[in-house]
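One letter stands for each residue in the lines below.
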Amino acid sequence: MTFAHQTDITALRRRLSADIVGQPDLLDRLVVGLLTAGHLLIEGLPGLAKTTAVKALARRVSASFQRVQFTTDLLPGDLTGSEVFNPADGSVRFVPGPLFHDIVLADEINRAPAKVQSALLEAMQERQITVGGQTYPLPPLFFVLATQNPLEQAGTYPLPEAQLDRFLLHVRLSYPSADEELRVLQMHLHASDPARPLAGGDTQAVLDVPSVLAARQEVLQVFIAEPLQRAVVDLVRATRDPGARVGELAGTVAAGASPRAVLALAHAARALAYLRGRDHVRPDDLIALAPDVLRHRLVLSLDAGLRGVDADAVIAALLAHTVWP
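Read on for a plain summary of the structure. Fair warning: this is a prediction, and the values are worked out from it, not measured in the lab. For every chain, the first residue of the written sequence is number 1, and numbering continues from 1 along that sequence. Only residues with pLDDT of 70 or above have their local features reported here, since the model is predicted, and side-chain atom pairs are shown and tallied only from 80 upward, although totals for entire chains, interfaces and linings are computed over all residues. Only hydrogens and water are set aside when side-chain values are computed; all heavy atoms of the structure are taken into account.

Considering the overall build of the chain
The helix and strand tally for the chain stands at 14 helices and eleven strands. For 325 residues, the compact-globule estimate of 2.2 N^0.38 gives 20 Å, and the C-alpha radius of gyration of the chain, at 21 Å, lies within 12% of that figure. Only protein chains enter the accessibility calculation, which uses a 1.4 Å probe. A residue is then buried if its area is under 20% of the maximum for its type, exposed if over 50%, and partly exposed in between. Relative to its 325 residues, the chain shows a buried fraction of 48%. When contacts within the chain are restricted to residue pairs at least 6 apart in sequence, long-range pairs at least 24 apart make up 77% of them. The Shrake-Rupley method, run with a 1.4 Å probe sphere, supplies the accessible areas, and residue values consider only the shown protein chains as cover. Of the accessible surface of the chain, which amounts to about 15200 Å², a share of 55% is contributed by carbon and sulfur atoms. The convention is simple: Lys and Arg are positive, Asp and Glu are negative, and His and the chain ends are not counted. A charged residue contributes its charge at one atom only: NZ of Lys, CZ of Arg, CG of Asp or CD of Glu. Considering the chain, the positive charge centre built from 30 side chains and the negative charge centre built from 35 side chains are found 2 Å apart. Strands here mean DSSP runs of E at least two residues long; helices mean DSSP runs of H or I at least four residues long; both are numbered from the N terminus. For the radius of gyration, the atom set is restricted to C-alpha positions; the globular benchmark scales as 2.2 Å times the number of residues to the power 0.38. Residue contacts are counted whenever heavy atoms from the two residues lie within 4.5 Å of one another.

Put into structure tokens, the structure is as follows:
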């Protein structure tokens, strides 16, 4: 099957690689989220290009972008907008907040109190917000990219499981390699030298919002065979009682992934296959995305913490014991 916008998406991914050194998995996941309308939770230490990558994506898609720095004193109206009274004529008008953009970066999302997280949850799930009893739809492209720092816990509000489940992927970043870090330095030195032109000097958008929306419809046509569908269901169900599949994991999971994880993994795998230039899903697509789809959907037991077992270890063991067609 030939897709009209597949080459555009491939070009977008290629340009992102030129904008951002290293973090290829993050760039893949950004495009997967864009293609599925699925929100991403990006976890990593400061300085790992989380914000830079999101800004590059918005620029290359020619989409409206808004960054919101989450703080403990943030109010729901700071996200949704609010009604403003005009004393001149006695009218009340709604002033949209930053959620009314195509791509929203929720920086350090776990610093926001519960009421703010609740307002964001409605927007992420329903793609609308409600103010003063009136409901307002969000843009069709609406896509939330949230970041959090895994080290700092003081003054933070851990995201509840209900909100975590709304994220399609939970991406964890690591340090770049030595060669990649050297390239970052060289690019910075090159850009800061006024006597030298910027490399490429290309800041043009690769595609527009209608093209992305059309590509989303094409992703829905990517084929996933029934044996792979069964393998996805089998993997997700195994997270609910991992000890039945891998004996040493008994008692490590208090609550496994919900059926929403089945849908998320299948849909994300179709988007990754599309990004890789195919019209069908292969097992390696599912294996690559399974940790990002599942890690935030597992609630580990106290025993797991005492044994030093984390969600990634559980998922890796289950993947190793899953039969792929």
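Here the narrative resumes.
Remarks on the packing of aromatic side chains
Only rings of Phe, Tyr and Trp enter the pairing, Trp through its six-membered ring, and a pair is recorded when the two centres are within 6.5 Å. The plane angle decides the type: under 30 degrees is stacked, over 60 is edge-to-face, the rest tilted. Inspection of every chain in the model, using the stated rule, returns three aromatic pairs. The interplanar angle of 65° and the centroid separation of 5.8 Å between the aromatic rings of F94 and F100 together place this pair among those described as edge-to-face. Centre to centre, the rings of F94 and Y136 are 4.1 Å apart; their planes meet at 10°, and the pair counts as stacked. Taken as a pair, F94 in strand β4 (residues 91-96) and Y136 in strand β7 (residues 134-137) lie far apart in primary sequence, 42 residues in all. Ring-pair connections join several aromatic residues into one group, and the members of that group are F94, F100 and Y136.

Thoughts on the pairing of strand β8 (residues 143-148)
For β8, the tally of buried residues reaches six of six residues, placing the bulk of the element in the interior. Because side chains alternate across β8, one face comprises the buried residues F143, L145 and T147, and the other comprises V144, A146 and Q148, equally buried. The rule for pairing is simple: two strands pair if DSSP sees at least two bridges between them. Looking at chain direction, strand β1 (residues 39-43) and β8 are connected through four bridges and run parallel. Bridge pairing in β8 places L40 opposite L145.

Thoughts on the pattern of salt bridges
Salt bridge, as used here: a side-chain nitrogen of Lys or Arg that lies within 4 Å of a carboxyl oxygen of Asp or Glu. On inspection of all chains with the given rule, the structure shows 21 salt bridges. R230 serves as the salt-bridge partner of E226, at 2.8 Å between the closest nitrogen and oxygen. Placement of both E226 and R230 in helix α9 (residues 226-238) is noted, with a separation of four residues, approximately one turn of the helix. On the basis of relative accessible area, R230 is assigned to the exposed category, the value being 57%.

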